[in-house]
Amino acid sequence: MSSINVGLLGFGTIGTGVVRIFQKNTEIIQQRLCHNIALMKIADLDITTDRGVKLEAGMLTTDVEEVISNPEIDVVIELIGGYEPAKSFILKAIAQGKHIVTANKALMAVHGQEILDAAQRQGVAVMFEAAVGGGIPIISAIKESLCANQFSSVLGILNGTCNFILTKMFQDGSDFATVLKEAQDLGYAEADPTFDIEGVDTAHKIALLSALCFGTTVDFDQVYTEGIDQITAVDITFAAQMGYKIKLLAIGKNHGGRIEVRVHPTMIPDSYQLAEVDGVFNAVRLTGDFVGPTLLYGSGAGMDATASAVMGDVMAIGRDQLSGARLRVPIMGYCPDQIKALPIKAMSEIVSHYYLRFTALDQPGVLAQIAGCLGEHNISIQSMIQPERHEVDSVPIVLMTHAAMEADVANALKRIEQLAIVTQSTRLIRVENDLG
Ligand code: HSE
């Protein structure tokens, strides 16, 4: 093998980053790989837009077959995104014996099994470091450096757009819609930011991380997903008064074989390192039984950081090829026959602390009625603030509970909202404050 040859599908932002890192760091990549490596072909429907990088004549093509069926190409990088045609191209490339590197979290989280089965049969690698946390080497940490650990939890701030919005809302006291517009103007949020703000992008990522950490398949449809569009400046202010920040937190936990995989706005104490992850940055907190809590932090998106992760995967495959290793590291970090289908706990069964903001009439006995209902449902109050009245007649009552079961909280809220003194629906935000 005179060179590890690479083909690229998708010449968008990340694809351009891959070309840039290939060109700028050729020497160091080859010094570290101990071998030549070459980007041979790039396929994209648009081969006329100037991406600000110079390419050799003939490198660009609109014909995807010139990459996926090219006998000279060893590794195919898929940066098209979405389910189709990315999935068909990847399956076809695998069938032709190509190793795959992808940044496609949606595809891997939803259709990963089909791709993994095909890769396993063919004996080729599928690597997707760039799919989670951009440039942060979280997947290789789980699969390699920390692989002797049993993980009890993986928590992440995994969406830069949401984290930017929540950070600005906290810093400026602005409302969600204003900051979303700002994020779009700055180019952080997509023109259609639905997947980001509704938490779907984060859910794709925590589904993958939970599968890798706990050695399980994760049915994406069972991942509870709540976005940040209902977060208000009022709740951010009350959270701050109680010593908390609100983050869109991805949570994976393993309780002796039953797992939690969920995404929702979460209040975390402002003393936690995760609370200091601001702006577009991402972070993942892993807890392994021997390594203990470990935080990885960095750029979770963007052309260069994501290209760095893509090229790390390409080089890992190149090294294995050169050493004659065949799937040295299992694709999902566990031997395929050891991967289980661990049950995901229903949200009604989870135990959490809760921030509850009631809106009720400002009259004697209101607090007693609310506290009474909570008590009847086994919910104990940890702290409370009753700020000044914001609206005519109504007053906010803000409570933090001790650990409670979500089903009990749901039943209590149903009952409380039937009380004549309650004037608006209750705002609930889960709290993660027992990380130790
Ligand atoms: N849209 C994502 C984010 C980046 O805002 O973090 C790609 O996963």
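Residues numbered from 1 in each chain as written. Predicted model: local features only at pLDDT ≥ 70, side-chain atom pairs only at ≥ 80, totals over all residues. Heavy atoms only, no water.

Novice: Could you give me a rundown of the domain arrangement of the protein, with the residues and numbers involved?
Specialist: Domain annotation for the protein reports domain 1 (4-134 + 303-338), domain 2 (138-299) and domain 3 (348-431). The C-alpha centroid of domain 3 is placed 25 Å from the C-alpha centroid of domain 2. In this complex, domain 2 contributes 19 residues to the contact, which on the side of domain 3 involves 16 residues. Both faces considered, domain 2 and domain 3 share a buried interface measuring about 1,500 Å² in area, 61% of it formed by carbon and sulfur atoms. Contact with domain 3 buries surface across domain 2, with Phe238, Met242 and Met267 losing the most and accounting together for 38% of the total. Counting across the domain 2 and domain 3 interface gives 4 salt bridges. Glu349 is the partner of Arg258 in a salt bridge, and the nearest nitrogen-oxygen pair spans 2.9 Å. (Domains from an automatic or database assignment. Contact = heavy atoms within 4.5 Å. Buried area = accessible area lost by both parts, 1.4 Å probe. Salt bridge = Lys/Arg side-chain N within 4 Å of Asp/Glu carboxyl O.)

Novice: Can you explain the pattern of salt bridges? Please cite residues and give values.
Specialist: Summed over all chains, the structure comprises 23 salt bridges. The salt bridge partner of Arg328 is Glu144, with a shortest N-O separation of 3.2 Å. Within this pair, whereas Arg328 is found in the loop between α12 (303-323) and β13 (351-361), its partner Glu144 is found in helix α6 (residues 138-145), the two being separated by 184 residues in sequence. Residue classification places Arg328 among the partly exposed positions, given a relative accessible area of 48%. Judged by its relative accessible area of 33%, Glu144 is partly exposed. Sharing partners across several salt bridges, the network here consists of Asp44, Asp46 and Arg51. (Helix = DSSP H or I, 4+ residues; strand = E, 2+ residues; numbered from the N terminus. Buried < 20%, exposed > 50% of the residue type's maximum accessible area, 1.4 Å probe, protein only.)

Novice: So, unusual backbone geometry: which residues are in play, and what are the values?
Specialist: Leaving glycine out, the prevailing phi sign among residues is negative, and the prevailing peptide bond configuration is trans. A cis amide bond links Glu84 with the next residue in sequence, Pro85, at an omega value of 10°. In this structure, Pro85 sits in the loop between β4 (75-78) and α4 (86-95). Positive phi outside glycine occurs at Cys34, with the angle close to 65°. Note on placement: Cys34 falls in the loop between α2 (26-33) and β2 (37-43). Its relative accessible area of 66% is what places Cys34 among the exposed residues. Of note, Leu327 is a non-glycine position whose phi angle comes to about 45°, a positive value. Examined against the element boundaries, Leu327 turns out to sit in the loop between α12 and β13.

Novice: Which residues make up helix α11 (residues 233-241), and what values go with them?
Specialist: Within α11 the residues assigned to the buried category are Asp235, Ile236, Phe238 and Ala239. Burial along α11 is one-sided: seen end-on, the buried residues are contained in an arc of 165°. Just past α11, the residue Gly243 takes up positive phi, approximately 85°. (Arc of directions from axis to C-beta.)

Novice: Go over the site of the ligand with me, naming the residues and quoting the values.
Specialist: In the vicinity of the ligand, the contacting residues are Lys105, Asn159, Gly160, Thr161, Asp196, Asp201, Lys205 and Ala301. A distance of 2.7 Å separates an oxygen atom of the ligand from a polar atom in the side chain of Lys105. Asn159 is positioned such that a nitrogen or oxygen atom in its side chain is 3.5 Å from an oxygen atom of the ligand. Alone, the ligand offers 260 Å² of accessible surface; in the complex the protein occludes 84% of this. Of all the elements in the fold, those that place two or more residues in the shell around the ligand are α7 (160-172) and α10 (200-214). Here the residues of the shell around the ligand sort into 1 nonpolar, 3 polar and 4 charged. (Near = heavy atom within 4 Å. Polar contact = N/O pair within 3.5 Å; in protein donor to acceptor, adjacent residues only side chain to side chain. Areas by Shrake-Rupley, 256 points an atom, 1.4 Å probe, with all protein chains shown as cover. Nonpolar A, V, L, I, M, F, W, Y, C, P; charged D, E, K, R; others polar.)

Novice: Describe the environment of Ala404, naming the residues involved and giving the relevant values.
Specialist: Residue position: Ala404 is located in strand β16 (residues 404-405). Taking C-alpha positions, Ala404 is 41 Å from Asp185, a pair spaced 219 residues apart along the chain. Residues within four places of Ala404 in sequence aside, it is in contact with Ile350, Val351, Ser352, Tyr354, Ile379 and Val409.

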